[in-house]
Amino acid sequence: MSKSINKIASTAVPVHLENVDTDQIIPARFLKATTREGFGDNLFRDWRYNSDGTPKQDFVLNNPTYSGKILVAGKNFGCGSSREHAAWAIKDAGFDVVVSSFFADIFKNNALNNFLLPVTVSEAFLQHIFSAIEKDPKTTISVDLEKQTITAGEKSESFEINNYKKTCLLNGYDDIDFLLSLKPEIEAFEKTLS
């Protein structure tokens, strides 16, 4: 299965809440597993389910109207603890992109390390996306990593990303894969030393 990300065009799931911390994304009581699989079932667990395990009908992830590979969230997403499991849960739930006007730094880095693209947009563009989805839940959001643009309807905006992480995402590289991709250059350099 390819981990690379370049162009993604998808409908989106709007979580119109600000200051969403990692304990809300994946509550601490679910952090016992040692593999990345299965965390998606407990994404936003306390908002998604009642204490008896039945789905809360008013939470967006339980609404079949909304689906897609893009999660759109309010400002200050991923704040709180440094748990990498938050990125695992979002990725395991089927999302490839998270859009917000501000991400906590640790969450942003954890997302990038787990092939989940955090796209930071202006507050005005974020509100444009929320409005577009509210008007039409089938609105397609297009993200072009190579060009570093995000488009919703007739409007587009550029986003920033670390060049190294962009290379890794475009090629499906983790840190070790990236080093291995440089093996020919490393070997050629070694020959110049002898």
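Up top you'll find the structure we're talking about.
Just so you know, these numbers come straight off a predicted model, no measurement behind them.

1. Concerning the sheet that holds strand β4 (residues 97-100)
Remark on secondary structure: sheet strands pair via backbone hydrogen bonds, oriented parallel or antiparallel.
Move 1: One open sheet accounts for four strands, arranged β2-β3-β4-β5; its pairing is parallel. Looking at strand neighbours, the two that pair on one side only are β2 (12-15) and β5 (117-120), the edges of this open sheet. Across the sheet, the mean angle separating the axes of adjacent strands is 20° when strand polarity is ignored.
Move 2: Across four bridges, the pairing between β2 and strand β3 (residues 70-73) is parallel. Paired with Pro 14 across the strands is Val 72, a residue of β3.

2. A word on the pattern of salt bridges
Move 1: A complete count under the given rule lists three salt bridges for this structure.
Move 2: A salt bridge links Asp 23 to Arg 83; its shortest N-O distance comes to 2.9 Å. Residue Asp 23 is found in helix α1 (residues 22-25), and its partner Arg 83 is found in the loop between β3 and α3 (85-92); the two are separated by 60 residues along the sequence.
Move 3: Classification of Asp 23 by relative accessible area gives partly exposed; the value is 37%.
Move 4: A relative accessible area of 16% means that Arg 83 is categorised as buried.
Move 5: Across the salt bridge formed by Asp 96 and Lys 91, the nearest N and O atoms sit 2.6 Å from each other.

3. Brief notes about the packing of aromatic side chains
Move 1: Enumeration over the complete set of coordinates arrives at seven aromatic pairs.
Move 2: Ring centres of Phe 103 and Phe 107 lie 6.0 Å apart, and the angle between their planes is 20°; on these two criteria the pair is classed as stacked. Comparing Phe 103 with Phe 107 shows no difference in burial state: the two are buried.
Move 3: Through a chain of ring-to-ring contacts, the aromatic side chains of Phe 44, Trp 47 and Phe 59 assemble into a single cluster.

4. Regarding the side chain of Lys 166
Move 1: Along the polypeptide, Lys 166 turns up in helix α6 (residues 163-171).
Move 2: Here Lys 166 occupies a buried position and makes no salt bridge, while the nearest side chain of opposite charge, Glu 146, is found at 5.8 Å.
Move 3: Once residues within four sequence positions are removed from consideration, Lys 166 is found in contact with Leu 145, Glu 146, Gln 148 and Ile 161.

5. Some details on the pairing of β4
Move 1: A two-sided burial pattern is seen for β4, the buried positions comprising Val 97 and Val 99 on one face and Val 98 and Ser 100 on the other.
Move 2: With three bridges connecting them, β3 and β4 associate as parallel partners. Across the sheet, Ile 70 pairs through a bridge with Val 97, a residue of β4.
Move 3: As judged from the four bridges shared by β4 and β5, these two strands associate in the parallel manner. Its bridge partner being in β5, Val 99 is matched across the sheet by Val 119.

6. Some thoughts on the nonpolar core
Move 1: Ranked by size, the top nonpolar core spans 26 residues in total, and within it Ile 25, Phe 44, Leu 71, Phe 77, Ile 90, Phe 107 and Leu 116 carry the most contacts.
Move 2: The set of elements that each furnish at least two residues to this core consists of β2, β3, α3 and α4 (105-113).
Move 3: A total of five residues in this core trace back to one element, the largest contributor, which is α3.
Move 4: For Phe 77, the residues in contact, after removing those within four places along its chain, are Val 20, Ile 25, Phe 44, Leu 71, Ile 90, Val 98, Ser 100, Phe 102, Phe 103, Ala 104 and Phe 107.
Move 5: In terms of nonpolar packing, the next biggest core, distinct from the first, is built from 25 residues, Ile 70, Val 72, Leu 117 and Ile 161 among them.

7. Focus on α3
Move 1: Judged by how many residues are buried, α3 sits mostly within the fold: six of eight residues are covered.
Move 2: Turning to α3, its buried residues number three or more, namely His 85, Ala 86, Ala 87, Trp 88, Ala 89 and Ile 90.
Move 3: Those residues of α3 that are buried are in contact with α1, β3, β4 and α4.

Rules of the game
Residues numbered from 1 in each chain as written. Predicted model: local features only at pLDDT ≥ 70, side-chain atom pairs only at ≥ 80, totals over all residues. Heavy atoms only, no water. Pairing = 2+ DSSP bridges. Helix = DSSP H or I, 4+ residues; strand = E, 2+ residues; numbered from the N terminus. Axes fitted to C-alpha atoms, helices over the stretch in contact; angles between N-to-C directions. Salt bridge = Lys/Arg side-chain N within 4 Å of Asp/Glu carboxyl O. Buried < 20%, exposed > 50% of the residue type's maximum accessible area, 1.4 Å probe, protein only. Phe/Tyr/Trp six-rings, centres within 6.5 Å; stacked < 30°, edge-to-face > 60°. Lys, Arg positive; Asp, Glu negative; His and termini not counted. Contact = heavy atoms within 4.5 Å. Core = buried A, V, L, I, M, F, W, Y, C linked by side-chain atoms within 4.5 Å.

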